[in-house]
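Structural overview
Letter by letter, the chains look like this.
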Amino acid sequence: MASPMSFFRRYQSTLMVVFGVSLMVVFLVGMVMPDPSAIFRKNEQSSVNEVIVKFKGGQMTRQDIDYARFRHFSLLRFLQALNNHASEKSGQQVLSSAMPLMTIPDPNESGMAQSDDAVLGQKLLTIKAAEEGLVVSDDLVDDYLLQVAGNKVVSNAELSELARSATDRRMDIRQIRDQLKRELTAIQMQILINSGLRFKVNQDGNGNPQMLANPTEARQLFSQTTSMVSAEVLPLKVADYLAKVTNDPKNAEISEIFEKGKYDYADPTHEKPGFKVSRKARLQYFVADSNAFLQNEMNKLTDKEVQEEYDRLVAAKDMSVMELIPEEKKETPEKSDETDLAPTIDDANGETPTIESPNTDENSDPAPTLESSDPPMTEMPATESPEASATESPKALDSEANKETETP
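Residues numbered from 1 in each chain as written. Predicted model: local features only at pLDDT ≥ 70, side-chain atom pairs only at ≥ 80, totals over all residues. Heavy atoms only, no water.

1. Considerations on the overall build of the chain
For clarity, the threshold we go by: Where helices and strands are cited, they refer to DSSP runs of H or I of at least four residues and of E of at least two residues respectively, numbered from the N terminus. Here's how the labels work: a residue is buried when its accessible area is under 20% of the maximum for its type, exposed when over 50%, partly exposed in between, all with a 1.4 Å probe on protein chains only. A contact between two residues is defined here by any heavy atoms of the two lying within 4.5 Å. The accessible surface values rely on the Shrake-Rupley method and a 1.4 Å probe; as for residues, cover is taken only from the protein chains in view.
Along the backbone of the chain there are 16 helices and four strands. Counting the 408 residues in the chain, one finds 16% classified as buried. Of the contacts made within the chain by residues no fewer than 6 positions apart, 59% connect residues no fewer than 24 positions apart. Carbon and sulfur atoms form 55% of the exposed surface of the chain, whose accessible area is close to 34400 Å².

The following block contains the structure:
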């Protein structure tokens, strides 16, 4: 039976030519054809920078929406971690009394479109709040965090560590506070928009307030606050008509009219009389200029007091004066296989004194201390192996032996 390789031996020259030509064709075509991975990366980059929505004064790309959603969920994880930390410190479950933030659905549960709509709505509320001049102060943020912690005081250092651990070191406490300001601003703007509008409860019983969807009623509510009329007013003076009154009223008639309106306040828009006296109050007030007060207090401060306060804040690790710097990983020194001799210090006579180990004998004198005018040496990580550190210089051993033979 012929060997299977006999065919290749017989036509090896022809096969080599065919394979060689095929490799050259593949090489040339590969140079002309674009890289498939580059095409994939280009498509991915274009999808990230794709404009999802445009609105008056701006737009949001896919990357902008995803990053806004990431900040929202990072804030929620931080607030949950803060509540858990306060519960651990107090030894019992702490109930948060803070106002809940706006809900952004998880895209994996409710779909990407619904989650994107919630992110866009929060963005538009934040922009409108900035146009209206709504500002959330740092004190309001501190009060909100205190309410989340159940009125348990948490230091700034603990807040910084919670922010890093809750966000996998992607956000620090300053970014968390900025995100909380944006969300609280959006909530305040939502409250102002909904003020004066009536709400109803969902039919499914969730209890979430929703505006009435009736277009007619919504138009009426809008007209009540925006409609304007042009009117001409003609003043009528009562004194001009007193002269036309010729008959005086009887006491019975006056009493009857008084009985009808003695419990009502006077209202010029109603024909019914009102004789009830309105509540009056005597007030006093004073005007204070906060800028002048602040400037006077600043003039009383000295440079020494400012420096002392700054040092105190730095010692307390207050975030108003501290700057977060990412921690650098410390490299462990490599162990050396070589044995180095212990460093020696030459005295004034050129001899090498040795440092004795402390004597445990109660009658012996305390070991002398080595004094030197040179500055103390800085401690450095050990670079010697345990075996190498046990090796001593010959001079040190001889000197120690001589010390043991001396009589006290």
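On we go from here.
2. Considering the packing of aromatic side chains
Note the following rule: Centre distance within 6.5 Å is the pairing criterion for rings of Phe, Tyr and Trp, where only the six-membered ring of Trp is used; planes under 30 degrees apart are then read as stacked, over 60 as edge-to-face, and the remainder as tilted.
Following the criterion strictly, the structure yields two aromatic pairs and no others. Centroid distance Tyr67 to Phe70: 6.2 Å. Interplanar angle 25°. Geometry classified as stacked. Of this pair, Tyr67 and Phe70 both sit in helix α4 (residues 62-90), three residues apart, which is roughly one turn of the helix. We classify Tyr67 as partly exposed; its relative accessible area is 42%.

3. Describing the nonpolar core
For clarity, the cut-off: We call a set of buried residues a nonpolar core when its members are Ala, Val, Leu, Ile, Met, Phe, Trp, Tyr or Cys and they connect through side-chain atoms within 4.5 Å of each other.
Within the largest apolar cluster, 26 residues are counted, with the highest numbers of intra-cluster contacts made by Phe78, Leu79, Leu82, Leu101, Tyr144, Leu145 and Leu180. In this structure, Met60, Ala68, Ile104 and Val119 belong to the second largest nonpolar core, which totals seven residues.

4. Let's talk about the pairing of strand β2 (residues 58-61)
Going by this rule: Think of it this way: DSSP has to see at least two bridges between two strands before they count as a pair.
Alignment of strand β1 (residues 51-55) against β2, held across four bridges, turns out to be antiparallel. The partner of Val53 across the bridge, within β2, is Met60. The turn linking β1 back onto β2 is made up of two residues, and Gly57 within it adopts a positive phi angle of 95°.

5. Some thoughts on the side chain of Arg177
Within the secondary structure layout, Arg177 lies in helix α9 (residues 173-194). Given the relative accessible area of 18%, Arg177 is considered buried. Excluding residues within four positions of it along the chain, Arg177 makes contact with Asp138, Val141, Asp142 and Leu145.

6. Looking at a nonpolar patch on the surface
Selection criterion: Residues enter patches when they are more than 30% accessible in relative terms and free of salt bridges; like-charged ones are connected within 9 Å and nonpolar ones (Val, Leu, Ile, Met, Phe, Trp, Tyr) within 5 Å. Salt bridges are identified by distance alone: a Lys or Arg side-chain nitrogen within 4 Å of an Asp or Glu carboxyl oxygen.
A surface patch of nonpolar side chains, amounting to about 360 Å² of accessible area, comprises Val17, Val21, Met24 and Val25. Along the chain, the position of Val25 falls in helix α2 (residues 12-32). The exposure class assigned to Val25 is partly exposed, which follows from its relative accessible area of 46%.

7. Some points on unusual backbone geometry
The residue Asp168 is not glycine, and still its phi comes out positive at about 55°. By secondary structure assignment, the location of Asp168 is in the loop between α8 (156-166) and α9.

8. Thoughts on helix α7 (residues 138-148)
For an α-helix the count is 3.6 residues per turn, leaving residues at separations of three or four pointing the same way. The following threshold applies: An arc is given here, and it is the one of the directions from the helix axis to the C-beta atoms.
Along α7, the positions that sit buried rather than exposed are Val141, Tyr144, Leu145 and Val148. The arc that holds the buried residues of α7, viewed along the axis, is 95°, so those residues lie on one side. Directly after α7, the chain includes Gly150, whose backbone phi takes a positive value near 65°.

9. Some points on the pattern of salt bridges
Scanning the entire structure with this criterion turns up 14 salt bridges. The salt bridge involving Asp66 is made with Arg69; its shortest N-O contact spans 2.7 Å. Separated by three residues within a single helix, Asp66 and Arg69 lie in helix α4, roughly one turn from each other. The exposure class of Asp66 is partly exposed, given its relative accessible area of 33%. On the basis of relative accessibility, which here comes to 6%, the residue Arg69 falls in the buried class. In this structure, the salt-bridge partner of Asp138 is Lys181, at a minimum N-O distance of 2.5 Å. Highlighted residues: Asp138 in helix α7 and Lys181 in helix α9, separated in sequence by 43 residues. The exposure class assigned to Asp138 is partly exposed, which follows from its relative accessible area of 41%. Residues joined by salt bridges that share partners form a network here, namely Arg62, Asp66, Arg69 and Asp116.

10. Here we look at helix α14 (residues 303-315)
The following threshold applies: Each helix should span, by expectation, one fewer than its residue count multiplied by 1.5 Å.
Spanning 13 residues, α14 covers 18 Å between terminal C-alpha atoms, matching the ideal 18 Å at 1.5 Å per step. Looking one or two places after α14, you find Lys317, whose phi comes out positive at around 55°.

11. Details of the packing of α4 against α9
The relative placement of two packed helices comes down to the angle between their axes together with the axis-to-axis distance. Threshold: Orientation is described by axes fitted as lines to C-alpha atoms, over the contacting stretch for helices, and by angles from 0 to 180 degrees between their N-to-C directions. By the definition adopted for this analysis, an angle is roughly parallel if under 35 degrees, roughly antiparallel if over 145, roughly perpendicular if from 65 to 115, and oblique otherwise. Residue polarity follows a fixed list, in which Ala, Val, Leu, Ile, Met, Phe, Trp, Tyr, Cys and Pro are nonpolar, Asp, Glu, Lys and Arg are charged, and the others, Gly among them, are polar.
Taken N-terminus to C-terminus, the directions of α4 and α9 make an angle of 105°; their axes are 10 Å apart at the nearest point. One way to sum up the angle between α4 and α9 is to call them roughly perpendicular. Between α4, through Arg71, His72, Ser74, Leu75 and Phe78, and α9, the contact on the second element is made entirely by Ile173, Ile176, Gln179, Leu180, Arg182 and Glu183. Here the residues of the contact of α4 with α9 are counted per class, giving five nonpolar, three polar and three charged.

12. Thoughts on the packing of α4 against helix α6 (residues 112-132)
Running from amino to carboxyl end, α4 crosses α6 at an angle of 80°, the nearest separation of the two axes being 10 Å. As summarised for this structure, α4 and α6 are arranged roughly perpendicular, according to the angle between their axes. Judged by residue contacts, Arg62, Ile65, Ala68, Arg69 and His72 of α4 engage Met112, Ser115, Asp116, Val119 and Gln122 from α6. A per-class count over the contact of α4 with α6 returns four nonpolar, three polar and three charged.

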